[in-house]
Amino acid sequence: MIDNESRSLNRMKLLLANFPEIHIVKQTTNAKKGLEYILKHQPDIAFLDIEMPDISGLEMADELKKQGSPTKIIFFTAYDHYAIPAIKKNVFDYLLKPVSIDELKETIQRFKVTDHFNLSKRELDIIRGIAEGLNSKAIAEKLFISRHTVDTYRRSILEKTNCKNSAELIRFAAKANIV
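Figured I'd write up the structure that's included with this text. (Residues numbered from 1 in each chain as written. Predicted model: local features only at pLDDT ≥ 70, side-chain atom pairs only at ≥ 80, totals over all residues. Heavy atoms only, no water.)

**Details of the sheet that holds strand 1 (residues 45-48)**
The test is simple: One bridge is not enough; two strands pair if DSSP finds at least two bridges between them. For the purposes of this entry, the term helix denotes a DSSP run of H or I that reaches at least four residues, the term strand denotes a run of E that reaches at least two, and both are numbered from the N terminus. For helices, the fitted axis covers only the stretch in contact; all axes are lines through C-alpha atoms, and the angles between them, taken along N-to-C directions, range from 0 to 180 degrees. Here, two residues are considered to be in contact whenever any of their heavy atoms come within 4.5 Å of each other.
What the 3 strands build is an open sheet, ordered 1-2-3; its pairing is parallel. The open sheet has two edge strands, strand 1 and strand 3 (93-96), and neither has a second partner. The average undirected angle you get between the axes of adjacent strands in this sheet is 20°. Pairing geometry for strand 1 and strand 2 (residues 72-77), over 4 bridges, is parallel. If you follow Ala 46 over to strand 2, its bridge partner there is Ile 73. Packed on one face of the sheet, helix 5 (residues 101-117) meets strand 1, strand 2 and strand 3 and runs near 170° to strand 3.

Next comes the structure, spelled out in structure tokens:
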């Protein structure tokens, strides 16, 4: 976890203590040292604030991507106006301070599912479309992709999750808190 405000780090640490599957390996108020740690140790997830002195969370995301880091980034910030730039950097999630336990639970659950089944953000979007009762054509229109692409994703998702059909996939998604 990296945030230039110790109070914010301590609050997030208390929230994360509710999730035994999450192990905090480093927390720091120094963004540059935090970036060095992430690059060296490649943790699964990095919780980053955005506005920090020396280097911003967005700049850190750029550097991690440039270095080919597999670390998933979850921003936790007081500012909603960075959401679009964060999405464009393909970060895993964007939480607004004060982070609620329910939002954090949803993010961690989604991370566990995507990590375990190696599901991409696009695959999760397609699963949500299926759960909404949309057919491939409607999902394609909603996501601005072709119906053929949706069908290819559907087959891949069923294979990855070991589900036999859409009904089983919807039950899986509900149980995993994806929808």
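**Details of the nonpolar core**
Short version of the rule: Side-chain atoms within 4.5 Å link the members of a nonpolar core, which is a set of buried Ala, Val, Leu, Ile, Met, Phe, Trp, Tyr and Cys residues. Burial here depends on accessible area, computed with a 1.4 Å probe over protein chains only, as a share of the maximum for the residue type. Under 20% is buried, over 50% is exposed, and the range in between is partly exposed.
Formed by 19 residues in total, the largest nonpolar core has its most connected members in Ile 2, Ile 38, Leu 48, Met 60, Ile 73 and Phe 75. Only helix 2 (31-41), strand 1, helix 3 (57-66) and strand 2 provide two or more residues apiece to this core. Here this core gets 4 residues from one element, more than from any other, and that element is helix 3. The residues contacting Ile 38, other than those within four sequence positions of it, are Ile 2, Pro 43, Ala 46, Leu 48, Met 60, Leu 64, Ser 69 and Thr 71.

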